[in-house]
Structures are given as C-alpha cells and as structure tokens.
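Coordinate inspection notes
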Amino acid sequence: MNVIAPHLPILPIVLPLLAAGALLLVSESQRTVRRSIALASIAGQLVTALTLLYLTTDSVPEIWSRGIGVYSLGAWPAPFGIVLVVDRLSAMMLALGAIVALATLVYSMSHWDRPGQPFHPLFQLLTMGLNGAFLTGDLFNLFVFFEVLLAASYGLVLRGVGTVRVRTGLHYIAINLFASFLFLIGVALIYGTAGTLNMADLLGRVQALEADERALFDAGAWILGIAFLTKAGSWPLNSWLPGAYSVSMAPLAAGFAMMTKVGVYAVLRIGTLLGEDQAAAAILGEILYYTGIVTLVSGTIGMLATLHLRRLVSYSVIVSSGLLLASLGLGIEALTAPVLFYLATSVLTTAAFFLVAGMTDRTRLFFDAAGAEVPKAPPASSPGAVPETGTRALPGYMGFGVHEPDPYGTEEEVGTPIPIAIAFLGSMFVCCVLLVTGLPPMPSFIAKFALLSTVLETAPAAGEAGAGWGLVVAILVSGLVGIVALTRIGIRLFWTVTQRRTPRLHVLEASPVAFLVLLCLALVAASGPVMGFLQATARSLHDPGTYIESVLSARYADTGRGTQP
Amino acid sequence: MEAIYALAIGTLVAAGVWALLRPRTFQVVVGLSLLSYATNLFIFGMGRLGENRPPILPPDGGASPTLYADPLPQALVLTAIVIGFATTALFLVVLLALRGLSGTDHVDGREPDR
C-alpha cells in the first residue's frame, strides 16, 4: 500500500486514457470486449477515487499528512513542474464523477452504445478530462483538461441522428470555443502579472504585486471567472445548456451532469485559494451572488415554461448551478459545507433524472429525433378506441380526442393492472421530483435545510442580511415552482396518457437509476458523517495555507523516489 | 513595437467578434479563427516582448534572466494552437454537417422569416 498509494493520483487520468486507446484498437463488432474494457476502466476509477477519498480523511497519516496528496509529474517540485493535487474536495468530486460515470455506462450498455460512432472511447476521454480537471494543480492544465472533456462532449452531443442535434451541437461548440479563448486570455493575464500558473503559488505572488499590476491581475481573474461561469451554466452565458443537454442521448446527458459542476468546482477552488480579503476579485466576488440569483430565477422560469421533460431537467441543472453560485457568492465560510452537500446530491439527482427521462420518452408513441412529442392522429387500433368493425356509431366525445372506455362495451376491463415497468418509472419519477425540489426524505432536503438555516444564522453577522434573505426567498420559491412544474409534467406523463405504450425496460437501464436513487437515500442515512467530512473539507478550503504549504513543499519523497536532493 | 503588437491583437479581436456575431456559419468559423490568433498572440505578448532574446541559454551566455525570453508562454501558445486548431477543425465538420442537413448556412439551420 505504501508503495502504490503515492502513485494513486495519476491513475484517474491514466486509466481512461489507456482504456480509450485500447478501445480504438478493438473492432466495433467485438461488443463484449469493448464493454468489458470500458467497464473495467470506470470501475478502476471508482475504486481509485474511493481510496483517495479514504486517504484524504487523515485515516492514514503516514501516507499523506494533513489530508492533501501531491503528485509531482516527472518529479519536478511544485512551482516549476506540473503537479496533481488531491485534497478532500478533489477526491469527493472524483468519486462523484466515477459514480455517475458507472451508472451512465451501465445504462448505455442496454442499447445506447450500438455501433455507429465511437461511443466508448469518447466516454472514456470525457471521464479523463473530468478527473484531470479535478486533480490538476495549475491553471494551464485546468484549461487543457477542460478542453479534453469539452472535445469529448462535442463528439458525444452530436451522437445520434437528426438536424436538431447538429444545430444545437453547433451552438454548443461555438459558445464553448469562445469561452475557451476567454479562459486562455485570463490565464495569460495572470501569468503575465503574477508570473506563475501554479494555483498554490498564486496567492503569495499576488500579494506582492504593485497596484497597477494588481489591476491587470484582477482583470485576468475576472475574465477567467467569466469562462468558468460559462461552463457552470450561469445566467447570461447558459443559452447553450438546455439545448445541448436535452437533445443529446439520455445517458450522455446524465454523464454531462458532472460537467457544469466542473465550473462550480473551479470557482470554488481558485476563489478560496485567492482568499476573500487578500484578492479584490477572488473570482468575481460579489457579482457571483447576483449572477447566481439571476441564474436561479431564470432556470426556475425555464422549468415552468417547458413541457418537455428533458428540457425541464436541463433547466433544473441551471437552477442548481444558480443556487451553488449564489451561496458561494455570499462569501460566508460556514456555507461551504452545505453547498458541497447540495452539489453532491444535485449531481446524483440530475444523473438519475436524465436516465429516467430517457426511459419515459419511450412511453410516448410518437416523438421526433429530439425526443419531443409530435402531434399525430392516434391509430385506430389503440386501446380504448372503438373498433372500426363495430356496428355502433362513434360516440360524440371521441371527436375531441378523449379516449374514455367505451361506455357500451362489455369486453373492457374496469381496472387495468399497472405494468411493473410503469410502476417502476412512476416511483423513480416521484423520487427524482422529491430530489430535485428538495423535499423530505431526500438528501437535497437536508442540504437545502442546512443551507437555509446557516444563511439565516450567519448572514446578519456577516453584514449580508439582505442578500441572505434574498437567497432564502429565491431558494424557497424556486423549490415551489419546481414542484408545480414537475407535478404538471408528471401528470402529463403518467396519468393523462391514453396512448401509452408500456415500455420494455432493460435491467441494465433500470438498475443504474435504482442505484442512484438508493445512493441518495443512503446519503440521508449517512448524512451525519458526510456532513462531518464536508465540514472538514470546507475548513481545509478556507485555510489555504495548508494546501499551499503542502504543494510547495512537496519534493521527491512524495513520488516514492526516496530522499533525493 | 508594443503599440503595433497591441493594435494587431485589438484589430484581430474586433474583427473576430464581429464575424462571430454574424448569422452565417462560415463567418462564425472565420471569427473563431481570428479570435484564436488574437489569443495566441496575447499569450505570447504576456511573456514580454523583446529582440535578440533566445529562450534557451547559450553555453557562453550570462546568467541574467533579462537576456532571455520566457519559454513558458511559448509552450503555452504551442498547446493552445494545437487545441484551438483541433476544436476549430471539429467545428468546421459540424458546420458542413449542418449545411448538408438543413440546406442553409444560417447558424439556426433555417432562414429567418422576413
């Protein structure tokens, strides 16, 4: 263990890279081999992530003291070489990403990964980009890994057929390319003024800057922040999100659940490293709160405005982004732990909901390539309609498209047994609704409750009473509106459907959804220890000294090379 | 030199943003290319401009860092060029696909109603 453990941080990047390479060599026809490679890689990532999570909890102090693991690539020490850093936050994000990736991959194995376009290699590269973004300790590699995951996601969004996918894909790529250039400009400004790209090295260099250089640095940090907000799906920059997420295939949309959180992660990581007081623009500062609130409101309005389930879930992603950004924007340290709890539940929720949405699409008889409903005359042979061979005249109400059971018929059953697939879908849908809106007994309720009570306790003391109340009202109203929107769509999907085709659910599709929902319930049961871990995470985030010291003092010893000079 | 350099970047960005906001896909891709040139030049400029400053140390050279160009922005520009180039190429493919599928080069896949 002591030999392997120091090398663990590189595994989440190397594993998917190797798997993607291997998958390119295996021909499309050998589906079992391809699936085994993909599954083995994701399972390996999950095991690695959980091990890293365990190592960061100080349970094994002889490997990493203070819960921060540093891996110097090429054994170059930190400010000059490239480092990977594992702390509690990165380990948590890695584990979340691996869980979502596992569920998504299993789900896609039912039929979504059929030959056509290379699904598995792109998916592996997506996980590689995600893991790398969480692990990297310097700004430029953050850009590189963002690009890796975005490039893979471009390919995945376009998967499938239909003009609508290509059109939304075009918008998605254009906006994200533009954001990438902003990212580069921000990074260049920061390098040009501070002279370093290492996140741990930034703070010390920034504090030593002259006033005129400092202004330039702040401009760079702001531009970088705008790039992060674009990825996070924050308000004026999120027009690509509902389109891209709702037209891509269901399991991919679920896999993308993690992608907006990368933006939130980057804001949190760099914001806390630059500190609240030391840097004037610790990634956007107060603006973050207002953007978050507007994002929350606009996402809520979007939820209310759409009747298409996948679009609605996409808007709920925006709502959760807005909630996270607004809470972080308040700048109250005590909020970080509930925010992280909410982040974790929202990732699992969104993934589960997209998977459910992929299955409910099939209860509809007609839909176009995008999964949206297409109005079309019902076929005469549908259940409930009067058979054409009958001698009776068509009852008047049939003309309005209402298909009630034939009042004169005797062959019609009074009660129909609910098919188990619909029962499963319905219950999972209800669970997802409870999760999205944050109602008990779901972990999102605990997260929101902790968030709201902390805001009410600490905001007045921090002089943010007005902003705190604004956040509380926005969260509560968005929850209520979310219930209304989801109930409405639930009724449309499960109650008022007369033309329902009972979907055949594959066990490979049903089990990941059940797994994610059960995991959420387990999170409720374990909310005490989880909250404890997250509070430790928040403490270490808001005390960047430990992080900076660990990264900058890391020498060859940490890479298992012994004590070379 | 700095003024000319800054003007060049500014012109590229202005032209790039203008082209990016056009409704035709080809203009969008040209705009993105111009922006990527501007970004790369900008990163390069952040390593400070100078003449006769090699990024590597000659064996008989002095040790003063002012004599040498900063090699890091050059490495960054190289990476950024590769990534920007690849994603722009991908964008071009998507653009062609949309043109083929929708029969128009409007970014929304259909001509606006007039």
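Residues numbered from 1 in each chain as written. Chains lettered and ligands numbered in written order. Predicted model: local features only at pLDDT ≥ 70, side-chain atom pairs only at ≥ 80, totals over all residues. Heavy atoms only, no water.

Brief notes about the overall build of chain B
The condition is simple: Helix and strand definitions follow DSSP, with helices as H or I runs of at least four residues and strands as E runs of at least two, each counted in order from the N terminus. Only C-alpha atoms enter the radius of gyration; for comparison, a globular chain is expected to reach 2.2 Å times N to the power 0.38, where N is the number of residues. Accessible area is worked out with a 1.4 Å probe on protein chains only. A residue is then buried under 20% of its type maximum, exposed over 50%, and partly exposed in between. Contacts: residue pairs with any heavy atoms within 4.5 Å of one another.
Across its full length, chain B carries three helices and zero strands. Its helices and strands in sequence order give chain B the pattern α-α-α, from N to C terminus. Its C-alpha atoms give chain B a radius of gyration of 19 Å, clearly above 13 Å, the size a compact globule of 114 residues would have. Residue burial in chain B is summarised as follows: out of 114 residues, 34% are buried. Intrachain contacts of chain B at a sequence separation of at least 6 include 53% that bridge at least 24 residues.

A word on the layout of surface pockets
A water-sized probe, rolled over the atoms, reveals where empty space remains. What counts is decided by this rule: Definitions used for this entry: grid spacing 1 Å over protein atoms alone; cavity, a set of points where a 1.4 Å probe fits but cannot get out; pocket, an open set with protein on both sides within 12 Å along at least 5 of 7 lines; lining residue, one with an atom within 4 Å of a point. Grid points are joined across faces, edges and corners, and a volume is the space filled by probe spheres set on the points. Here the term charged refers only to Asp, Glu, Lys and Arg, the term nonpolar to Ala, Val, Leu, Ile, Met, Phe, Trp, Tyr, Cys and Pro, and the term polar to all other amino acids, Gly among them.
Its boundaries defined by the atoms lining it, the second largest pocket holds a volume of some 540 Å³. Along the walls of the second largest pocket sit 27 residues, with Pro-79, Phe-80, Tyr-191 and Leu-197 of chain A together with Leu-72 of chain B positioned nearest its centre. Those elements that provide at least two residues to the lining of the second largest pocket are helix H5 (139-157), helix H6 (163-194) and helix H7 (199-207) of chain A together with helix H3 (71-102) of chain B. Per-element tally for the lining of the second largest pocket: the top contributor is H3 of chain B, with five residues. Looking at the lining of the second largest pocket residue by residue, the classes come out as 13 nonpolar, nine polar and five charged.

Thoughts on the packing of H7 of chain A against helix H20 (residues 544-553) of chain A
Residues and elements named next belong to chain A. For clarity, the cut-off: Helix axes use the C-alpha atoms of the stretch in contact, all axes being lines fitted to C-alpha atoms, and the angles between their N-to-C directions lie in the range 0 to 180 degrees. To sort the angles, those under 35 degrees are grouped as roughly parallel, those over 145 as roughly antiparallel, those from 65 to 115 as roughly perpendicular, and the leftovers as oblique. The sense of a crossing depends on the near helix, which, turned anticlockwise from the far helix by less than a right angle, makes the crossing left-handed and, turned clockwise, makes it right-handed.
Where H7 contacts H20, the axes come no closer than 8 Å and their chain directions differ by 110 degrees. One finds that H7 runs roughly perpendicular with respect to H20. In the packing of H7 onto H20, the handedness of the crossing is left-handed. The residues of H20 that touch H7, namely those facing Ala-200, Asp-201 and Leu-203, are Tyr-547, Ile-548, Val-551 and Leu-552. Taken together, the residues of the contact of H7 with H20 sort by class into six nonpolar, no polar and one charged.

As for a nonpolar patch on the surface
This is how it is decided: Candidates for patches are residues over 30% relative accessible area with no salt bridge; among them, like charges are joined within 9 Å and nonpolar side chains (Val, Leu, Ile, Met, Phe, Trp, Tyr) within 5 Å. Computed with a 1.4 Å probe, the accessible areas rest on the Shrake-Rupley method; for each residue, only the protein chains presented here act as cover. Whenever a carboxyl oxygen of Asp or Glu lies within 4 Å of a side-chain nitrogen of Lys or Arg, that contact is scored as a salt bridge.
Where nonpolar side chains cluster on the molecular surface, the patch consists of Leu-456, Trp-469, Val-473 and Val-477 of chain A and spans about 380 Å² of accessible area. Checked against the element boundaries, Leu-456 of chain A lands in helix H16 (residues 443-458).

Brief notes about the side chain of Thr-306 of chain A
All names here are of chain A. Heads up, the rule is: Any N or O atom pair separated by 3.5 Å or less is treated as a polar contact, with the protein-specific requirement of one donor-capable and one acceptor-capable atom, and with residues adjacent in sequence counted only for side-chain atom pairs.
Looking at the element boundaries, Thr-306 is found in the loop between helix H12 (286-305) and helix H13 (309-329). Only 3.2 Å separates the side chain of Thr-306 from the backbone nitrogen of His-308, close enough to count as a polar contact. Sequence-distant contacts of Thr-306, that is, excluding residues within four places in its chain, are made with Arg-311, Leu-312, Tyr-315 and Arg-488.

Quick notes on the confidence of the model for chain B
Keep in mind that low pLDDT regions are not for reading the predicted coordinates in detail. Residues and elements named next belong to chain B. To be explicit about the condition: What pLDDT expresses is the predictor's confidence in each residue, scored from 0 to 100.
On average, residues of chain B score 85 in pLDDT, and 96% of them are at 70 or above. Mean pLDDT across the secondary structure elements of chain B bottoms out at H3, with 87, and peaks at helix H1 (residues 2-20), with 93. Across the interface, the model reports ipTM at 0.91; the global pTM reads 0.85.

A short note on the pairing of strand E1 (residues 69-72) of chain A
Residues and elements named next belong to chain A. The line we're drawing: Only strands that DSSP links by at least two bridges are regarded as paired with each other.
The side-chain alternation of E1 yields two buried faces, one formed by Gly-69 and Tyr-71 and the other by Val-70 and Ser-72. Both E1 and strand E2 (residues 83-86) contribute to a ladder of four bridges, which runs antiparallel. Looking at E2, one finds that Tyr-71 is bridged to Leu-84.

Some details on helix H11 (residues 259-274) of chain A
Helical geometry: 3.6 residues make up each α-helical turn, so side chains three or four residues apart lie on a common side. The criterion, for reference: Here the expected length of a helix is defined as 1.5 Å per residue gap, with one fewer gap than residues.
The end-to-end C-alpha distance of H11 of chain A, which contains 16 residues, comes to 23 Å, matching closely the 22 Å that a straight helix rising 1.5 Å per residue would cover. Across the 16 residues that make up H11 of chain A, a large majority, 16, are buried.

Quick look at empty space enclosed by the protein
Residue and element names in this part refer to chain A. Within the structure shown, the criterion is met by six cavities of 30 Å³ or more. Approximately 150 Å³ is the volume found for the largest cavity. Contributing to the lining of the largest cavity are 16 residues, with Ser-316, Val-319, Tyr-342, Val-436 and Thr-437 lying nearest its centre. For the lining of the largest cavity, the element with the most residues is helix H14 (residues 336-360), which contributes four residues. Grouping the constituent residues of the lining of the largest cavity by class yields five nonpolar, 10 polar and one charged. Quantified by volume, the second largest cavity comes out at close to 80 Å³.

Considering H14 of chain A
In this model, H14 of chain A (25 residues) spans 35 Å end to end at C-alpha, consistent with the 36 Å of a helix rising 1.5 Å per residue. With 25 of 25 residues buried, H14 of chain A lies mostly within the body of the structure.

Overview of unusual backbone geometry
Across residues other than glycine, the phi torsion is negative in most instances, and most of the peptide bonds are trans. Pro-441 of chain A follows Pro-440 of chain A through a cis peptide bond whose omega is 10 degrees. Of note, Pro-441 of chain A is situated in the loop between helix H15 (420-437) and H16. For Arg-48 of chain B, which is not glycine, the phi torsion reads 70 degrees and is therefore positive. By the secondary structure assignment, Arg-48 of chain B is in the loop between helix H2 (25-45) and H3. The exposure class assigned to Arg-48 of chain B is partly exposed, which follows from its relative accessible area of 46%.

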